[in-house]
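# Structure at a glance
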Amino acid sequence: RSNNDTMIDNGATHQEIRLLAAAYQSSGDKRFRDAAQKGIAYLLAGQYDNGGWPQRFPEPQGYAKYITFNDDAMIGVMRLLRDVSRDRETYSFVSDDVRQQCAMAVQRGLTCILECQIRVNGRLTAWCAQHDEKTFQPRKARSYELVSLSGHESVGIVRFLMEIENPSKQVVESIEGAVRWFHQAKLEGIKLVVVKDASKPGGRDKVVVKDPQASPLWARFYD
């Protein structure tokens, strides 16, 4: 295709590379190997100098140019590149030079993550779904995706940080700040239930009901 709209959102590209690598290992078909290598090279080329990845590249426009944590986009890429740098069985076709490039890209991505973490009244909290590619400030995307602290995306980021062996003091502080915010932001005493409603698409609706025994809930976007 001639369109330059390739993306990493919604699991795109990094999941396909994993599938291609597995297909090559099971079949030996060099088409899968070559395609996976091209995909890895594409992800390495798309990283900003500051360590972040835009939602789409090359030549992203609008909110697609922002550093994108939305739907675990950047974390999905970093997990893949981390695995490529370490897993010599699944990614046996990757050269040592590319493995090193992948490891360095993950380190730059980690620096970017720490830069993007939002402070409120001087305390570390969580992350927005997307951040400015130059200033690291949180940015809005679509009309309903305002500047906010994102419950969903921040979970994926913290899980990635918690997988780091021998983390630095800064990484530990980042994790602890986010977890503290998760505790503060939880919603208690309510739950979501599905009810029949002929006026809604599919004939059902989700409503919030009070329940003192309900497990905590978290919102997607916080002011």
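A short tour of the structure in this document, coming up.

Let's shift gears to the pairing of strand S7 (residues 204-210). Taken across its 7 residues, S7 has 0 buried, putting it largely on the surface. Bridge analysis of strand S6 (residues 190-196) against S7 gives 7 bridges, and the strand direction is antiparallel. From the neighbouring strand, Val 194 faces S7, where its bridge partner is Lys 206.

In this section: the side chain of Gln 55. Note on placement: Gln 55 falls in the loop between helix H2 (30-46) and strand S1 (67-68). Judged by relative accessible area, which is 6%, Gln 55 ranks as buried. Not counting residues up to four positions away in its chain, the partners in contact with Gln 55 are Thr 6, Met 7, Ile 8, Asp 9, Tyr 63, Ala 64, Tyr 66 and Thr 68.

What follows covers the packing of helix H3 (residues 73-86) against helix H5 (residues 151-162). Pairs of packed helices are described in terms of their axes, by the angle between the two and the distance that separates them. Running from N to C, H3 and H5 point in directions that differ by 20°, and their axes come no closer than 10 Å. The pairing of H3 with H5 is recorded here as roughly parallel in orientation. For the pair H3 and H5, the crossing hand works out as left-handed. Seen from H3, the contacting residues are Ile 75, Met 78, Arg 79 and Arg 82; seen from H5, they are Gly 156, Ile 157, Arg 159 and Phe 160. Looking at the contact of H3 with H5 residue by residue, the class counts come to 4 nonpolar, 1 polar and 3 charged.

Conventions used here
Residues numbered from 1 in each chain as written. Predicted model: local features only at pLDDT ≥ 70, side-chain atom pairs only at ≥ 80, totals over all residues. Heavy atoms only, no water. Buried < 20%, exposed > 50% of the residue type's maximum accessible area, 1.4 Å probe, protein only. Helix = DSSP H or I, 4+ residues; strand = E, 2+ residues; numbered from the N terminus. Pairing = 2+ DSSP bridges. Contact = heavy atoms within 4.5 Å. Axes fitted to C-alpha atoms, helices over the stretch in contact; angles between N-to-C directions. Parallel < 35°, antiparallel > 145°, perpendicular 65-115°, else oblique. Left-handed = near helix turned anticlockwise from the far one by under 90°. Nonpolar A, V, L, I, M, F, W, Y, C, P; charged D, E, K, R; others polar.

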